Amino acid sequence: MEQFAFYLFSVLTIGLFLITVLSNNVLYAMTSLAAGMVIISGFFFILGADFLGVVQLIVYVGAVMALYSFGMMFFDATRDIKERNTNSYSVFFLGGMIALLLVVMFSAPIMGENIVAMYPVPEGANNPQAVGLVLFTKYLVPFEVAAVMLLVAMIAGIILAGKKMDDSLTTKDENHEEDLTFSLKDNR
Amino acid sequence: MIGLSHYLIVSGILFSIGLIGVLRRKNLLMLFFATEIMLNAANIAFAAISSYYGDLSGQMFAFFIIAVAASEVAVGLGLLIVLYKKQGTLDLDDLAVMKG
């Protein structure tokens, strides 16, 4: 049963993420990315990391995808994206080779040594309890730093996106558009 | 029972898919999607190693990766909106303003 779920999930995630990477439509790419995130949380549930799976569902599928869909409303996302791709075969070859090289580089030191658990799972605690025990003792300082980082990111997002929110992005008035093309021509 | 290497192979495949997307995409929004795929592949590897060695550090790292990804999306989308207001496009080739 576990094997069946694992192979089903891996085939589905690979397919969905391939759609995300190769599709020219922003809407298709975003929906397949969200579905892939949901299925990745399924991997976490198989592995016994229940709390991580729930966090993945809430943060990625809930928050990040909602942010992306809000961002999509600002940009004109209904038409297909035209991209000038030079040679996609060389890109595939290079991507695969670089990924293989990274895997070999990072797994070479691990192969030689025996890995011992630094913070073993506490006895008789289920996964959320164990996560809480480790997170609030050994990893307390990184946790607080992550909280400050999220606050900084929130303020930066508000300041960057909130400026001059009253004028529309997609339907510009004529004068402004002329200005824009003129300045672009000037730059060239 | 599935071995650890199966999870690591799936994670590597997903990471290379994300890497191909980063190399191939010219639209900045799609580039962001590809980076999300790469972060998720790393998360799968962390959770698998954490589960197979009985160590919770991997799950902790996955939590912090999720926090970093959330803040990256917030700041990055703000920057994209500013860029779109300024240039009217999200294409990477049109952003080469320092071209001689």
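Since this is a predicted model, take the numbers as computed values, not measurements. (Residues numbered from 1 in each chain as written. Chains lettered and ligands numbered in written order. Predicted model: local features only at pLDDT ≥ 70, side-chain atom pairs only at ≥ 80, totals over all residues.)

Asker: Before we move on, can you summarise the overall build of chain A with the specific residues and values?
Answerer: Tallying secondary structure elements over chain A gives seven helices and zero strands in all. In chain A, the succession of α and β elements from N to C terminus is α-α-α-α-α-α-α. Taking all 188 residues of chain A together, 21% fall into the buried category. Long-range pairs, those at least 24 residues apart, make up 50% of the contacts in chain A between residues at least 6 apart in sequence. (Helix = DSSP H or I, 4+ residues; strand = E, 2+ residues; numbered from the N terminus. Buried ≥ 20, exposed ≤ 12 C-beta atoms within 10 Å, placed from the backbone. Contact = placed C-beta atoms within 7 Å.)

Asker: Which residues make up the nonpolar core, and what values do they have?
Answerer: A general tendency of soluble globular proteins is for nonpolar side chains to be buried together. Among the nonpolar cores identified, the biggest contains 59 residues, and Leu14(B), Phe33(B), Ile37(B), Ile44(B), Ala47(B) and Ala48(B) are the most heavily contacted of them. When residues of this core are traced back to their parent elements, those giving at least two are helix 1 (2-22), helix 2 (26-46), helix 3 (50-74), helix 5 (127-135) and helix 6 (140-162) of chain A together with helix 1 (4-24), helix 2 (28-53) and helix 3 (57-87) of chain B. By residue number, the principal contributor to this core is helix 2 of chain B, which donates 13 residues. Ignoring anything within four residues of it in the chain, the contact list for Ile44(B) reads Ile40(A), Phe43(A), Tyr7(B), Val10(B), Ser11(B) and Leu14(B). (Core = buried A, V, L, I, M, F, W, Y, C linked by C-beta atoms within 7 Å.)

Asker: How would you summarise the environment of Leu47(A) if you had to cite specific residues and measurements?
Answerer: With respect to the helices and strands, the residue Leu47(A) is situated in the loop between helix 2 and helix 3. For Leu47(A) and Phe6(A), which are 41 residues apart along the polypeptide, the C-alpha to C-alpha distance reads 9.9 Å. Beyond its immediate sequence surroundings of up to four residues, Leu47(A) is in contact with Ala47(B), Ala48(B) and Ser51(B).

Asker: Summarise the interface of chain A and chain B; cite the residues concerned and give the values.
Answerer: Quoted interface sizes are often the accessible area lost when the parts come together. On the chain B side, the residues contacting the 67 residues of chain A number 58 residues. Residue classes in the side of chain A that touches chain B are distributed as 51 nonpolar, 13 polar and three charged. (Nonpolar A, V, L, I, M, F, W, Y, C, P; charged D, E, K, R; others polar.)

Asker: Please provide a residue-by-residue account of the packing of helix 1 of chain A against helix 2 of chain A, values included.
Answerer: Geometry of a packed helix pair, given as the angle between the helix axes and the separation of the axes. Residue and element names in this part refer to chain A. Closest axis-to-axis distance for the helix 1/helix 2 pair is 8 Å, and the angle between their directions is 155°. On the basis of the axis angle, helix 1 is roughly antiparallel to helix 2. When you trace helix 1 past helix 2, the crossing you get is left-handed. Contacts from Glu2, Ala5, Phe6, Phe9, Leu12, Thr13, Leu16, Phe17, Ile19 and Thr20 in helix 1 reach Tyr28, Ala29, Ser32, Leu33, Ala35, Gly36, Ile39, Ile40, Gly42, Phe43 and Ile46 in helix 2. Among the residues forming the contact of helix 1 with helix 2, the class breakdown is 15 nonpolar, five polar and one charged. (Axes fitted to C-alpha atoms, helices over the stretch in contact; angles between N-to-C directions. Parallel < 35°, antiparallel > 145°, perpendicular 65-115°, else oblique. Left-handed = near helix turned anticlockwise from the far one by under 90°.)

Asker: Go over the environment of Leu12(A), please, and point to the residues and values.
Answerer: Residues and elements named next belong to chain A. Looking at the element boundaries, Leu12 is found in helix 1. We classify Leu12 as partly exposed; it has 16 C-beta atoms within 10 Å. Considered as a pair, Leu12 and Val121 are 109 residues apart in the sequence and their alpha carbons are 31 Å apart.

Asker: Tell me about helix 5 of chain A, and name the residues and values.
Answerer: Among the residues of helix 5 of chain A, Asn127(A), Ala130(A), Val131(A) and Val134(A) are the ones counted as buried. Down the axis, helix 5 of chain A shows its buried residues gathered within 100° of arc, on one side only. Tucked inside the fold, the buried residues of helix 5 of chain A contact helix 3 of chain A together with helix 3 of chain B. (Arc of directions from axis to C-beta.)

Asker: How would you summarise the packing of helix 1 of chain B against helix 2 of chain B if you had to cite specific residues and measurements?
Answerer: Residues and elements named next belong to chain B. For the pair helix 1 and helix 2, the least separation of the axes is 8 Å and the interaxial angle reads 165°. Overall, the two elements helix 1 and helix 2 adopt an arrangement that is roughly antiparallel. Along this stretch, helix 1 crosses helix 2, giving a crossing that reads as left-handed. Of the residues that constitute the contact of helix 1 with helix 2, the class distribution is 20 nonpolar, five polar and no charged.

Asker: Go over the environment of Leu79(B) with me, naming the residues and quoting the values.
Answerer: Structurally, Leu79(B) can be placed in helix 3. For the pair Leu79(B) and Met60(B), spaced 19 residues apart in the sequence, the C-alpha separation amounts to 29 Å.

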